[in-house]
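Reading the structure
Chain by chain, the residues run as shown.
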Amino acid sequence: MVQKELVTNNMTLTDNASGASVELPVLSGSVGPDVIDVRKLYSSTGKFTFDPGYGVTGSCLSALTYIDGEEGILLHRGYPIEQLAEKSSFLEVAYLLLNGELPTGHEHNEFVDAITHHTMVHEQLSTFFRGFRRDAHPMAILCGVTGALSAFYHDSTDINDPVQRMIASRRLIAKMPTLAAMAYKYSLGQPFNYPKNSLSYAENFLQMCFAVPADDYVADPILSDAMDKILILHADHEQNASTSTVRLAGSSGANPFACIAAGIACLWGPAHGGANEAVLEMLNEIGDKSRIGEYVNKARDKDDPFRLFGFGHRVYKNFDPRAKVMRESCHEVLNKLGINDPLLELAMELEELALRDDYFIEKKLYPNVDFYSGIILKAMGFPTSMFTVLFAVARTVGWISQWKEMIEDPAQRIGRPRQLYTGPVARDYTPISGR
Ligand code: SDX
């Protein structure tokens with residue numbers, strides 16, 4: 001059932017073959033496209049809707065994030081991403097997404113203190129890592145270890161207990177950087193670093209990644225500020241593929257650790273969060289400005305599966321507002337660090353050429369959040385294999401906030417899409433002697 005006040009209109013659907021009609025409610029949200037409530041369509045017409053990829057399907061009511069793809073707008077609980085990136089902090093945005101309002105000073109301090117004191121992981125988890133090969137991709141490790149958290153923290157897996165839901169949410173937000181850093185250190189053959197409660201979320205993550213026993217590490221404020229901004233820009237993004245994966249997993253009643261592990265698995269794909277790693281590999285493959293045209297032509301070629309990573313988006317048909325902030329931050333970080341990375345110049349040249357290309361103009365393909373993030377992360381010292389891991393650290397906040405919103409929705413039911421069946425109709429089994 002849906003709140004009656006959302007119904008603002010009705011639409012009539014008529015079957016031209018039989019002349020039968022059905023009236024479907026039209027629901028309006030606070031902003032954005034209305035939706036047609038088709039839930040009684042099958043009982044009224046015996047027909048399903050059909051929308052592979054869910055490009056025009058609203059899967060839920062949500063109050064977390066609003067995207068206007070035509071105008072390049074991204075709001076978290078109504079606040080523009082540009083303002084949050086400039087004025088807020090990642091943990092404050094996490095509080096906002098989880099609770100709906102920006103925290104007061106007291107609420108902020110309590111939340112930061114709670115997250116800070118959940119950053120350590122069970123000591124036996126470090127032995128869990130030892131089962132992986134050293135050359136395992138950090139996303140493979142993160143996916144496995146996150147799913148294993150439910151074996152260590154089963155005192156916060158009862159999704160019907162709001163206190164356990166809150167504890168599990170805070171554990172996931174607090175421990176994801178620790179697990180990500182452990183995956184990185186394991187791939188290097190270096191010892192794990194423990195979190196330090198005296199540091200901010202971003203500073204702590206950087207020290208867990210880059211400190212070594214032989215040498216103290218103090219994060220350059222330029223890097224920790226840039227890291228916090230990158231985390232904000234990746235925190236949540238409406239019902240994207242990995243968030244929808246978390247919601248679908250959660251709709252069965254699976255515990256939050258398993259749901260977040262499912263989200264990590266989905267994010268890994270190069271069409272989604274894996275794109276930031278693919279952008280750097282693509283820029284390295286292009287190598288020189290003189291070859292940009294060759295790759296833009298490959299991307300235009302319908303017979304060539306190559307796509308320009310970091311470009312295009314299912315929703316944004318204008319600039320991804322996060323890409324704009326990321327590009328400015330990229331210039332700022334590299335200038336402050338005195339790094340002259342030819343890949344940045346190559347990326348800017350590629351962006352300029354692509355935005356002039358009639359194919360990209362026609363298809364409305366603009367740089368997305370992944371186009372510039374890899375260049376900053378590379379400047380910070382991260383290998384490309386860690387880029388999607390960092391995306392997962394940030395998106396854990398969005399995933400768990402969306403999961404919480406779903407679990408607290410009294411109308412929530414298990415997700416179960418249908419299909420248009422095109423296989424063989426019923427037929428009898430033929431013994432092998434008769435085939
Ligand atoms: C993220 O959903 C989210 O919100 C995701 C995300 C988040 O925060 O969660 O924003 C994060 O995943 C960003 C996207 C990162 N992926 C990449 O950069 C990979 C490269 N991009 C493409 O794979 C693609 O653009 C997608 C997957 C992002 C979107 O794919 P769609 O939905 O098929 O794109 P579309 O329908 O808008 O495509 C329109 C046309 C198609 O051609 P036609 O079938 O109409 O002939 O443009 C073509 C596409 O083939 N196209 C591209 C292209 N992206 C789309 N052609 C060349 N290069 C590209 N990058």
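Before going into details, it helps to say that this report is about the structure given with it. Computed from a predicted model, the values in this text were never measured in an experiment.

About the cut-offs
Residues numbered from 1 in each chain as written. Predicted model: local features only at pLDDT ≥ 70, side-chain atom pairs only at ≥ 80, totals over all residues. Heavy atoms only, no water. Near = heavy atom within 4 Å. Polar contact = N/O pair within 3.5 Å; in protein donor to acceptor, adjacent residues only side chain to side chain. Areas by Shrake-Rupley, 256 points an atom, 1.4 Å probe, with all protein chains shown as cover. Nonpolar A, V, L, I, M, F, W, Y, C, P; charged D, E, K, R; others polar. Pairing = 2+ DSSP bridges. Helix = DSSP H or I, 4+ residues; strand = E, 2+ residues; numbered from the N terminus. Axes fitted to C-alpha atoms, helices over the stretch in contact; angles between N-to-C directions. Parallel < 35°, antiparallel > 145°, perpendicular 65-115°, else oblique. Left-handed = near helix turned anticlockwise from the far one by under 90°. Contact = heavy atoms within 4.5 Å. 1 Å grid on protein atoms, 1.4 Å probe; cavity = no way out; pocket = protein on both sides within 12 Å on 5 of 7 lines; lining within 4 Å. Points joined across faces, edges and corners; volume = space filled by probe spheres on them. Phe/Tyr/Trp six-rings, centres within 6.5 Å; stacked < 30°, edge-to-face > 60°. Buried < 20%, exposed > 50% of the residue type's maximum accessible area, 1.4 Å probe, protein only.

1. Regarding the site of the ligand
Near the ligand lie 25 residues; those nearest to it are His 237, Arg 307, His 313, Arg 314 and Lys 317. Between the ligand and the protein, one listed contact pairs a nitrogen atom with a backbone N or O atom of Ala 271 at 3.0 Å. Between the ligand and Arg 322 there is a distance of 2.7 Å, counted from an oxygen atom to a side-chain nitrogen or oxygen. When the free accessible area of the ligand is taken as 1,100 Å², the share hidden by the protein chains comes to 80%. Of the residues contributing to the shell around the ligand, the split by class is 10 nonpolar, 7 polar and 8 charged.

2. Quick look at the pairing of strand 5 (residues 73-76)
Judged from the 4 bridges that link them, strand 4 (residues 65-68) and strand 5 form a sheet pairing that is antiparallel. From the neighbouring strand, Ile 67 faces strand 5, where its bridge partner is Leu 74. Taking the residues between adjacent antiparallel strands as the criterion, strand 4 and strand 5 are bridged by 4 residues, where Gly 72 takes a positive phi near 65°. In this antiparallel pair of consecutive strands, strand 5 and strand 6 (residues 79-80), the connection spans 2 residues, and Arg 77 shows a positive phi of 50°.

3. Overview of the packing of helix 9 (residues 221-233) against helix 17 (residues 370-380)
Remark: helix 9 packs on helix 17, axes separated minimally by 11 Å, with the N-to-C direction vectors making an angle of 150°. Judged on the interaxial angle alone, helix 17 and helix 9 are roughly antiparallel. As helix 9 packs across helix 17, the resulting crossing turns out to be left-handed. From helix 9, Leu 223, Ala 226, Met 227 and Ile 230 reach across to helix 17, where they touch Ile 376, Leu 377 and Met 380. The residue inventory of the contact of helix 9 with helix 17, partitioned by class, reads 7 nonpolar, no polar and no charged.

4. Some thoughts on empty space enclosed by the protein
Under the criterion given, the structure shown has 1 cavity of 30 Å³ or more. One number sums up the size of the largest cavity: a volume of about 80 Å³. Every element with two or more residues in the lining of the largest cavity is listed here: helix 4 (105-116) and helix 8 (201-210). Broken down by element, the lining of the largest cavity gets its largest block of residues, 4 residues, from helix 8. Along the lines of polarity and charge, the residues of the lining of the largest cavity split into 7 nonpolar, 5 polar and 1 charged.

5. Here we look at the packing of aromatic side chains
Considering all chains together, one arrives at 18 aromatic pairs under this definition. For the ring pair Tyr 295 and Phe 306, a centre distance of 5.6 Å and an interplane angle of 70° mean the geometry is edge-to-face. You can see Tyr 295 sitting in helix 13 (residues 292-300) and its partner Phe 306 sitting in the loop between helix 13 and helix 14 (321-336), a full 11 residues away along the chain. For the pair Tyr 295 and Phe 306, a shared accessibility class is recorded, and that class is buried. Members of the aromatic cluster, connected to one another through ring pairs, are Tyr 184, Phe 205, Phe 210, Tyr 217 and Phe 382.

6. Regarding the sheet that holds strand 2 (residues 21-27)
What the 3 strands build is an open sheet, ordered 1-2-3; its pairing is antiparallel. What marks the edges here is a single partner per strand, and that holds for strand 1 (7-14) and strand 3 (35-36). Taken together, the 2 bridges between strand 2 and strand 3 define a ladder with antiparallel strand orientation. Bridging from a neighbouring strand, Val 26 pairs with Ile 36 of strand 3.

7. Things to note about the sheet that holds strand 4
On the basis of which strands lie adjacent, the open sheet formed by 3 strands has the order 4-5-6 and antiparallel pairing. With partners counted over all chains shown, the strands left at the sheet margins are strand 4 and strand 6, one partner each.

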